[in-house]
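# Observations on the model geometry
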Amino acid sequence: MQLKIMPKKKRLSAGRAPLMLFLCQMISALEVPLDLVQPPTITQQSPKDYIIDPRENIVIQCEAKGKPSPSFSWTRNGTHFDIDKDPLVTMKPGSGTLTINIMSEGKAETYEGVYQCTARNERGAAISNNIVIRPSRSPLWTKEKLEPIILRNGQSLVLPCRPPIGLPPPIIFWMDNSFQRLPQSERVSQGLNGDLYFSNVLPEDTREDYICYARFNHTQTIQQKQPISVKVISVDELNDTIAANLSDTEFYGAKSHRQRPPTFLTPDGNTSRKEELRGNVLSLECIAEGLPTPIIYWIKEDGTLPINRTFYRNFKKTLQIVQVTEADSGNYQCIAKNALGAIHHTISVTVKAAPYWIIAPQNLVLSPEEDGTLICRANGNPKPRISWLSNGVPIEIAPDDPSRKIDGDTIIFSKVQERSSAVYQCNASNEYGYLLANAFVNVLAEPPRILTSANTLYQVIANRPALLDCAFFGSPLPTIEWFKGAKGSALREDIYVLHENGTLEIPVAQKDSTGTYTCVARNKLGMANNDVHLEIKDPTRIIKQPEYAVVQRGSTVSFECKVKHDHTLIPTVMWLKDHGELPNDGRFTVDKDRLVVADVNDDDGGTYTCVANTTLDNVSASAVLSVVDVPNPPFDLELTDQLDRSVQLSWTPGDDNNSPITKFIIEYEDAMHEPGLWHHQTEVPGTQTTAQLKLSPYVNYSFRVMAENNLGRSLPSEASEQYLTKAAEPDKNPTAVEGLGSEPDNLVITWKPLNGFESNGPGLQYKVSWRQKDGDDEWTSVVVANVSKYIVSGTPTFVPYLIKVQALNDAGFAPEPAAVMGHSGEDLPMVAPGNVRVNVVNSTLAEVHWDPVPLKSIRGHLQGYRIYYWKAQSSLTRNRRHIEKKILTFQGSKTHGMLPGLEPFSHYTLNVRVVNGKGEGPASPDKVFNTPEGVPSAPSSLKIVNPTLDSLTLEWEPPSHPNGILTEYTLKYQPINSTHELGPLVDLKIPANKTRWILKNLNFSTRYKFYFYAQTAAGSGIQITEEAITTVDEAVYPGISKLTTAAAETSANISWEYEGPELVNFYVEYGVAGSKEEWRREIVNGSRSFFGLKGLMPGTAYKVRVGAEGDSGFVSSEDVFETGPAMASRQVDIATQGWFIGLMCAVALLILILLIVCFIRRNKGGKYPVKEKEDAHADPEIQPMKEDDGTFGEYRSLESDAEDHKPLKKGSRTPSDRTVKKEDSDDSLVDYGEGVNGQFNEDGSFIGQYSGKKEKEPAEGNESSEAPSPVNAMNSFV
């Protein structure tokens, strides 16, 4: 059955027919399994043109596959090559590769020739290309004598290289004796032929070691030409050299740099031709000479240069077009141009083509009785010739096969049989080369087989194409269909695409595409199927991309890159810089999702890319880092156009460090007058690199330039050369000329002298001139040195003068200065102001008038008038302090003024004086005036004392400044409620002689606000405010403080102090510290301030607080205590131990002795420690009074000591029977025991006897109670 050609891929229809692809033509990708019989196929061979290294063994490759395994043979130069007869030649086992051992003996040249390999088995024979073997050659340069080249400045020069012909051709370059490459430019460059071209020479081209080197890469050798000596001389040197041999007419002119238009050094003439093969690189070259150096341009006539394939090399002297095609044929024009003209050269390009495939023959697998074709189509320029071979033999002489028919470039097969299997070769050749292709016809009858591995798992990213492979083989060629799912339903969706090789494509895979897919292959000989599995993964995304950053050099920058990915995939994130690896530098650190670059420098600028890779996809995001900084300093400062008063400064800008330069700042130094001090000269825009600078005479200038951008200013450039300007007369005169007398008979002339920069020359002096303004006197002049003051003596007092100060130096005088008016010295005024009048405006302000003083009597510049005024002192205060005078000055010629800030109801005195630059004149006669009454100041103080439930007492001090006679006080008050709202206002008048007042019938427990002020006949004064309440409860809040605990193993004693209303019932709350359980509450009987907790767990931390029942509901702060550790469960009964019995007997004896001593001391009236303790705590009400001062005894109540005689709280006094109630005791439990040693009843009352630190006993022995028990005595002893 014949296989038919189908399109490359077919989109599945959504119709009823099963999704199916009928493949009737085996494509090149379809491979015959190696376990099936097949003709040989060449898989590897050496290149057609094989240049070998003569120092190594020759290896000619030839590998092939086939079933049965093929055998190999070789031909050399068209005849059989018997490798068995040559001991140096071996063939690799199972291969056709030859190894020729020339390293041991033999020469490479012996084995030059054309080799061809043949691989053969029972199904046919395949042949390799003709492999031309040539050894590489690197011959030496021929010896030659090279004369030194001498030429004048500006001439053109070509240094020939002419390397030896090698195989392959060598690479040419020029170096010196130190193996340093010679610098090349638009003026000096190397041509394609290796010669070195100079468009024009300069003196720096002089050297004796121009050496051409040829590198032969195949043999890794470098050959060098003899050094060439070049000397470039000026015209004068050239004339001196040839003077002895040439006539006068042969001398060169004085102009050595003779400019000329361009001419071509290569190629020659106006036109040339160039031929190149298709697919190669077309290189066109034009090198021109001329002065100035010409510039080269390229155009294509009647066309444009291909954009993506055109490149310029060698400073645009070489035009290259890569992958040249026939369409690139045409005329190319190069143009050389300089300031004196232009020249062009046309190169006609023809592109030829060695043969290239249009359709190369492909292997055919046919079943018996099928039909097929082999097609071999090639193109070239000229058109190639097609010839066929069968098993390596020209088809014309090959064995006849009735099933084949040759039709030019096609072989047609009909009803093939097994004997029709063979290997066919197609040869396409023209004068530029040939193509050879092997294609077999293999006749087989095979049922389908699927070559893709079973249960292959494909993982694909969502929304991307999924390609499920189903590589298959069979003869006849099987049909392929796909199914999805266990039920085996055929694919009918139009979202699927089937390819010729059996691959199923899902153009846009979604999550629901996940599943198992089955590929089924069928032909007439059978069927095969295979399952594959598809999983769809979430795409990897960069959810936080790095952002563009601009940072200053030396700072730190970070780029963030956060990645989201499928949870079953493990991403790797890497960072790239400019598409390469990050620099191996410790300044670059990569964290989980961040790149940090520290201490950024200029090289760090570029594009940073974050790449997130998984096994299925990768994503990337980039950001650009721009490293900016202040500019680098300018350099190459040059002074030109040097004139007396100007110079042109030019410079070369430094690197702007990625921030454009906005301006240049030029500074100068005057090395003659102010060395080391730089002054601002001018500023120019950042686009300007020259400045015309204005100069002053007689200055030794140096200049420097600074560049400025948005980040700041650069360092200064190096200083320019110095430039000394010529001396000239001064351009200006001194400024700030003044004439003022320091004494009544002199005139002091001062001025601001010129600085050295302004002097314009040596010998700076000043001509000082003066004369009286109102007189007819001539100018009096004097020349002084470079000073700033001159004093004229013997002048009349305060006379106007005209003054001039003119600068001069050794070169002449400055322009004539303008006259300035001054005055000779002043003297004190002689006359006082007259007719002084006072008008009292109000109690604090008065207006003063006076008559002006005649100008002549002022004897100086009138500064103004000054008023002295003071308040008259009373007889009581006059002797206590000096009278304080106040001064007010009124500028200019004013004849009146206001005196503010006077005190009301006061007696004042004043006088007036005139003031000039020298001082004050005599005072006018004293003038007396009185101020009327004013409103008083606020009362000095206001206090509310003795508050009761319904009254408040007010006490105050009169105003410090009554400003008149007080008439009365006004008191206003109003209540304030809890929300600070004010009640009705009550107004009360109080006589002026009162300083205390009692307000009665007030509301109890109420806050009042008071407004209080004094009054005179002039009105009411400033008020003072105060607040008070009719009860003290508002400031006292009930509370519990000083909460203390004393813990034992399973119990604890709690005590506290309480301040507030009486008859309060307390409770104790406790719980385990740190737990969330609710508080446990115990009620305290009565109003005691202690309680005992029992039933606690040993070694446990507890929290405790005390609160009050009822409406008040206040609670103390919390305290934490810890019970004692539990005792060991197994204890020894020490009561049966002998040592314990002896110890107890000794203790009992000791106690007995102590008791006897106590009784003896009591009977004698003496004191023992318990008695002393009792005396120390005796009640203050029974202490005797001291007779000397009538005060109480030395000991006072604790309340008196602590509270400064506050009244005792109810129930705190000692009863008349002189016993102490335990609830009224002044001592806490801490004073009467060691905490856990006290014992309590179940209700918390204390039943143990006091022991340890303190004792409470009656005051006298006659009223003593029973003695302490032995147990307590023992406790005290212990």
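Structure: see above.
Everything quoted here is computed from the prediction, not taken from an experiment.

Turning our attention to unusual backbone geometry. Between Lys 67 and Pro 68 the backbone carries a cis peptide bond, its omega angle lying at 0°. Relative to the elements of secondary structure, Pro 68 occurs in the loop between strand E6 (62–67) and strand E7 (71–76). One non-glycine residue with positive phi stands out, namely Asn 314, at about 55°. Residue placement: Asn 314 occurs in the loop between strand E27 (310–313) and strand E28 (318–321). Exposure remark for Asn 314: the relative accessible area of 19% places this residue in the buried category. At Asn 946, a position not held by glycine, the phi torsion is positive, near 50°.

The next thing to look at is the nonpolar core. A general trend in soluble globular proteins is that nonpolar side chains are found buried together. Core analysis: the biggest nonpolar cluster contains 30 residues, and Ile 60, Trp 74, Ile 100, Tyr 111 and Tyr 115 have the highest contact counts within it. Elements represented by at least two residues in this core include exactly strand E5 (58–60), E6, E7, strand E10 (98–100), strand E11 (113–121) and strand E13 (131–135). Ranked by the residues each element gives to this core, the list is headed by E11, at three residues. In this view, Tyr 115 contacts Ile 60, Trp 74, Thr 75, Arg 76, Phe 81, Ile 100, Asn 129, Asn 130, Ile 131 and Ile 133; residues no more than four positions away in its chain are not counted. If you look at the next biggest cluster of nonpolar residues, it comprises 24 residues, including Cys 470, Leu 491, Tyr 496 and Ala 521.

So, about the environment of Gly 606. With respect to the helices and strands, the residue Gly 606 is situated in strand E58 (residues 606–613). Classification of Gly 606 as buried rests on a relative accessible area of 17%. Leaving out residues up to four positions away in the same chain, Gly 606 has contacts with Asp 578, Ala 623, Val 624 and Leu 625.

Let us look at the state of the cysteines. Within this structure, the stated rule accounts for six disulfides. The disulfide partner of Cys 161 is Cys 212, and the gap between their sulfur atoms is 1.9 Å. As the torsion about the S-S bond is roughly -65°, the Cys 161-Cys 212 disulfide counts as left-handed. Residue Cys 161 is found in the loop between strand E15 (157–159) and strand E16 (171–175), and its partner Cys 212 is found in strand E19 (residues 207–216); the two are separated by 51 residues along the sequence. The class for Cys 161 is buried, based on a relative accessible area of 0%. Its relative accessible area of 0% is what places Cys 212 among the buried residues. Counting its disulfide-bonded cysteines in sequence order, the protein shows a connectivity of 1-2, 3-4, 5-6, 7-8, 9-10, 11-12.

Quick look at the pairing of strand E49 (residues 526–537) now. Bridge analysis of strand E41 (residues 456–461) against E49 gives six bridges, and the strand direction is parallel. Of the residues in E49, the one forming a bridge with Val 460 is Ile 536. Across nine bridges, strand E48 (residues 515–523) lies against E49 in antiparallel orientation. Its bridge partner lying in E49, Cys 519 is registered against Asn 530.

The rules we used
- Residues numbered from 1 in each chain as written.
- Predicted model: local features only at pLDDT ≥ 70, side-chain atom pairs only at ≥ 80, totals over all residues.
- Heavy atoms only, no water.
- Helix = DSSP H or I, 4+ residues; strand = E, 2+ residues; numbered from the N terminus.
- Buried < 20%, exposed > 50% of the residue type's maximum accessible area, 1.4 Å probe, protein only.
- Core = buried A, V, L, I, M, F, W, Y, C linked by side-chain atoms within 4.5 Å.
- Contact = heavy atoms within 4.5 Å.
- Disulfide = S-S within 2.5 Å.
- Pairing = 2+ DSSP bridges.

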